[in-house]
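So the chains spell out like this:
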Protein chains: 2
Amino acid sequence: MKTLEDLSNELKRKNIRLTHQRLKILEYLSNSKTHPTVEEIYHALKNEVPSLSKTTIYNTLNYLSELKLIKTLIVDDNEARFDAVTGSHGHFKCDECGKIYDFDLNTEAFDTEYLDDFKVNEKIVYFKGICPGCLSKI
Amino acid sequence: MKTLEDLSNELKRKNIRLTHQRLKILEYLSNSKTHPTVEEIYHALKNEVPSLSKTTIYNTLNYLSELKLIKTLIVDDNEARFDAVTGSHGHFKCDECGKIYDFDLNTEAFDTEYLDDFKVNEKIVYFKGICPGCLSKI
DNA sequence: TTATTAGTTTGTAATCATTACAAGGTAGAA
DNA sequence: TTCTACCTTGTAATGATTACAAACTAATAA
Ligand SMILES: [Mn+2]
Ligand SMILES: [Mn+2]
Ligand SMILES: [Zn+2]
Ligand SMILES: [Zn+2]
């Protein structure tokens, strides 16, 4: 559970201007495990930060994403999702309930000799199927 | 290089109604290695099939995708791309020129013990970086 | 061949996530 | 406190995709 103070320090260290909105958005994302959409963040924060606009959420998330402080997830539906966990890990999307799970992943295990002449900057791995909870209900 | 006749037989075997539009779209996609967008397919075919509408391209691609005859690729830009190669393989997107390359991939090599209780139906792997052609130009 | 009909194509309008823009507001430095 | 570059906000624009309804046609059977 990251506090506002933790996040303040993180942004200060990176010379990112501290604003109430940025801190609240980053706080929400950091303490979330659901890879929320812009819409979800907006609804979660609008009571606490009534002036908050969706444009600010887009701006903030895109900015933090450029700075590699968060990750933007593209899954097969039509809304971007965001992840404060920037270390390499895989995602599992349940086709039944829509939940997105994290899982550990050894990206070195890929046998990619074909790509020897390519400069690989990012490895995205994403599985689809049915989660244990949904499997037990069928 | 698949002919219209090859594709006709393929659709007949699957009991998919044969239409001129479907055959042309599938022919174009089958002989393409660029993972084209709807827009690209539309521009490539509109001279040969002047009546063709984008809605038909969407309908056709979505239908063939449901039937697992083609694959829909979600990359990090905002347009879906399509692939007639349905076997398991990875994609590499060059951040410089935008090209999408195929590469062989042994999906069994993933160490995914965490997912033992999950039913995995699909494994999507997608790398980003710079391709050899663009690397040599820098 | 012709008639029938369920499925297909097409153009247009609607939807919806995201971005552009400009005006007003504010963090941080001096 | 003042200044200014940067940030936030609401609204409008964009662009990919889908909804819809009318016209059309592939496939089947008489
Ligand atoms: Mn994650
Ligand atoms: Mn491919
Ligand atoms: Zn589930
Ligand atoms: Zn390239």
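The present account deals with the structure reproduced in this document. Predicted model only: the values in this text are computed from it and were never measured.

1. Quick look at the protein's contact with DNA strand C
- For DNA strand C, the set of nearby residues contains 18 residues, the closest of which are Tyr58(A), Thr19(B), Arg22(B), Ser51(B) and Thr56(B).
- When the atoms of DNA strand C within 4 Å of the protein are sorted by group, sugar and phosphate make up 75%.
- In this structure, Tyr58(A) approaches DNA strand C through a side-chain N or O atom, which is 2.6 Å from a phosphate oxygen.
- Here a sugar or linking oxygen of DNA strand C and a backbone polar atom of Asn78(A) are 3.4 Å apart.

2. Points about the nonpolar core
- By size, the foremost hydrophobic cluster in this structure holds 26 residues, and its most contacted members are Phe92(A) and Phe92(B).
- Every element with two or more residues in this core is listed here: β3 (90-94), β4 (100-103) and β5 (119-130) of chain A together with β3 (90-94), β4 (100-103) and β5 (119-130) of chain B.

3. Describing the layout of surface pockets
- By volume, the largest pocket is sized at about 1500 Å³.
- Considering the residues around the largest pocket, the lining is formed by 49 residues, among which Ile74(A), Ile124(A), Tyr126(A), Ile124(B) and Tyr126(B) are closest to the centre.
- Only β1 (71-73) and β5 of chain A together with β1 (71-73) and β5 of chain B provide two or more residues apiece to the lining of the largest pocket.
- Taken together, the residues of the lining of the largest pocket break down into 15 nonpolar, 17 polar and 17 charged.
- One number sums up the size of the second largest pocket: a volume of about 360 Å³.
- Around the second largest pocket sit 21 residues that line it, and Ser30(A), Ser32(A), Asp83(A), Ala84(A) and Val85(A) are the ones nearest its centre.
- Mapped by element, the contributors of at least two residues to the lining of the second largest pocket are α1 (4-13), α2 (20-30), β2 (81-83) and β4 of chain A.

Reading guide: rules and limits
- Residues numbered from 1 in each chain as written.
- Chains lettered and ligands numbered in written order.
- Predicted model: local features only at pLDDT ≥ 70, side-chain atom pairs only at ≥ 80, totals over all residues.
- Heavy atoms only, no water.
- Near = heavy atom within 4 Å.
- Polar contact = N/O pair within 3.5 Å; in protein donor to acceptor, adjacent residues only side chain to side chain.
- Core = buried A, V, L, I, M, F, W, Y, C linked by side-chain atoms within 4.5 Å.
- Buried < 20%, exposed > 50% of the residue type's maximum accessible area, 1.4 Å probe, protein only.
- Helix = DSSP H or I, 4+ residues; strand = E, 2+ residues; numbered from the N terminus.
- 1 Å grid on protein atoms, 1.4 Å probe; cavity = no way out; pocket = protein on both sides within 12 Å on 5 of 7 lines; lining within 4 Å.
- Points joined across faces, edges and corners; volume = space filled by probe spheres on them.
- Nonpolar A, V, L, I, M, F, W, Y, C, P; charged D, E, K, R; others polar.

Taken by themselves, the reported measurements are silent on function.
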